[in-house]
Amino acid sequence: MNTILSKFFFFSCIFILILSCEYKNGNSCCKAGIDPIRNIVLMENHNHALLVFKKLHVKNRTLVHFDAHLDMNWISKDELSLINSPINPDSLETFLKHPYQYYIPRKKFVHVGNWIYPLLMDGSVSQFYWVVPDKEILTQHWIEMFKKGLMIYQKNIDKTDINSFRINKELKRVQGYLYGKPVFITTLENLPQFTSPILLDIDTDYFDFNSALFLERLMLPLFWPDEFVSILAEKKLSADVVTICYSLQDGYNTLALRFMGQDLKRILRNGSNLTDKNKRLLKLHRVLYSASIKKTPINIQSSVDILKTEFPTDAASYYLLSRIFAAEGNRKAALAYLKMAAHLDKEYKFAALHKANNFFYDKNYAEALRLYEKIFGQNLLANDFIFSRIAECSRLSGDFKRAAKIYRRLIQSEPDNQEFNSGLKRVLFQMKMETTKLNKKTNS
């Protein structure tokens, strides 16, 4: 009898231990890079992460946000009530603003820069860690630059919150409050070990920039996907859900790095059971991307053979090959491989638009304008967006008359569009300032 009870007690303890690692959403907490993580959502635009966490009904969780951007801007109480009211989470999708759409009050207002705010306000997230790509953040200069950025880009922010940010030398992080909620800023190196599973959120633009403040693009990724996940494994980071974002359509990330999101999902989904074939695909992406950026010679035929025999449906590799052939001046091969990539993944159809958005985001307005003008009329879904970008590039390049003319045409078709009206106001103000400046020169 005692033997039976002992066995029962032993197996009960094991069962309880397993259950203790389960959450009501049905996902077990897994160590990143070691255990396979089942719940991984790969998305085009980051505001879709709000839907993921709302559907899981998470409460009082720690969100670890790898991103070159904060994504925590203010939302009005009126609009916030629409998100946080007890409705079906699926209906929240109607409020998400696509990068090529415009802000419409109470209709399209959740964008890629404010989706975290509702999660903090309704208690879904109680601790927020922003992991930045910067190598060094524990300096007074970094803090001051960060505070200036908050004043410029964050809406309705209290000065008390801005002044709350300070360096915690002991924990090697920057910490403070935003909208009354605690915010911790850290690097991957100094990310602490957590005692319970976290919500892991990764924007792949984290790998493309040298700093969250200065946003200069790196030639090669900050980390390759397998290196990144290995560090997470060393830190014994456990997560029961992972969101990964491409961040292409706003111009934050480059199309050439689209494979990063897919490879991260591939590694985290398999954990330590990553197959040799998957490892060969990771290596192929690394070789092709490095060759396309650094223009280093590689055995192209060998890469083509590997792609066609082992990974014939991998759109990212076809696209990287098209870039390599284009750099070599082989236009025919470049177009052929670009078509293959576009056939497998529609985002590659809009390679020119993505490149224009990158130029715009990087403040290279002359190149952005050249490309926007070239592709205007080709993408009907993004036509108004492209036309407004032509107006903005013209304004930022000093061609105020052209910018004003375009904005007036846009307003004729959409009189209530706040962004078009604000754009025209900016142009008219700059024209007025320019006229005043010329008059002063003439009078002097």
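Scroll up a little and you will see the structure.
Residues numbered from 1 in each chain as written. Predicted model: local features only at pLDDT ≥ 70, side-chain atom pairs only at ≥ 80, totals over all residues. Heavy atoms only, no water.

Asks: Help me understand the overall build of the protein chain in this model?
Replies: Along the backbone of the protein chain there are 17 helices and 9 strands. A compact globule built from 444 residues would reach a C-alpha radius of gyration of about 22 Å, and the protein chain, at 24 Å, matches this within 12%. Going through the 444 residues of the protein chain one by one, you find that 51% of them count as buried. In the protein chain, the proportion of contacts linking residues at least 24 apart, taken out of those at least 6 apart, comes to 70%. Of the roughly 22400 Å² of accessible surface on the protein chain, a fraction of 55% belongs to carbon and sulfur atoms. Side chains of the protein chain carry 61 positive and 45 negative charges; the gap between the two charge centres is 3 Å. (Helix = DSSP H or I, 4+ residues; strand = E, 2+ residues; numbered from the N terminus. Rg over C-alpha atoms; globule rule 2.2 N^0.38 Å. Buried < 20%, exposed > 50% of the residue type's maximum accessible area, 1.4 Å probe, protein only. Contact = heavy atoms within 4.5 Å. Areas by Shrake-Rupley, 256 points an atom, 1.4 Å probe, with all protein chains shown as cover. Lys, Arg positive; Asp, Glu negative; His and termini not counted. Charge placed at Lys NZ, Arg CZ, Asp CG, Glu CD.)

Asks: When you look at helix H7 (residues 225–234) in this model, what are you seeing that I'm missing?
Replies: Given 3.6 residues to a turn, an α-helix orients residues that are three or four positions apart in the same direction. Inspection of H7 places Pro225, Phe228, Val229, Leu232 and Ala233 among the buried residues, and these make up the whole buried set. The buried residues of H7 occupy an angular sector of 140° when the element is viewed end-on, so they sit on one face. (Arc of directions from axis to C-beta.)

Asks: Looking at this model, I keep getting lost on the packing of helix H16 (residues 400–413) against helix H17 (residues 418–443). Mind explaining?
Replies: In a packed pair of helices, the relevant descriptors are the angle between the two axes and the axis-to-axis distance. Between H16 and H17, whose axes approach to 9 Å, the crossing angle comes to 155°. One element, H16, and the other, H17, form an angle in the roughly antiparallel class. Handedness of the H16/H17 crossing: left-handed. Seen from H16, the contacting residues are Phe400, Lys401, Ala403, Ala404, Tyr407, Arg408, Leu410 and Ile411; seen from H17, they are Glu419, Phe420, Asn421, Gly423, Leu424, Arg426, Val427, Leu428, Gln430, Met431 and Glu434. Taken together, the residues of the contact of H16 with H17 break down into 11 nonpolar, 3 polar and 5 charged. (Axes fitted to C-alpha atoms, helices over the stretch in contact; angles between N-to-C directions. Parallel < 35°, antiparallel > 145°, perpendicular 65-115°, else oblique. Left-handed = near helix turned anticlockwise from the far one by under 90°. Nonpolar A, V, L, I, M, F, W, Y, C, P; charged D, E, K, R; others polar.)

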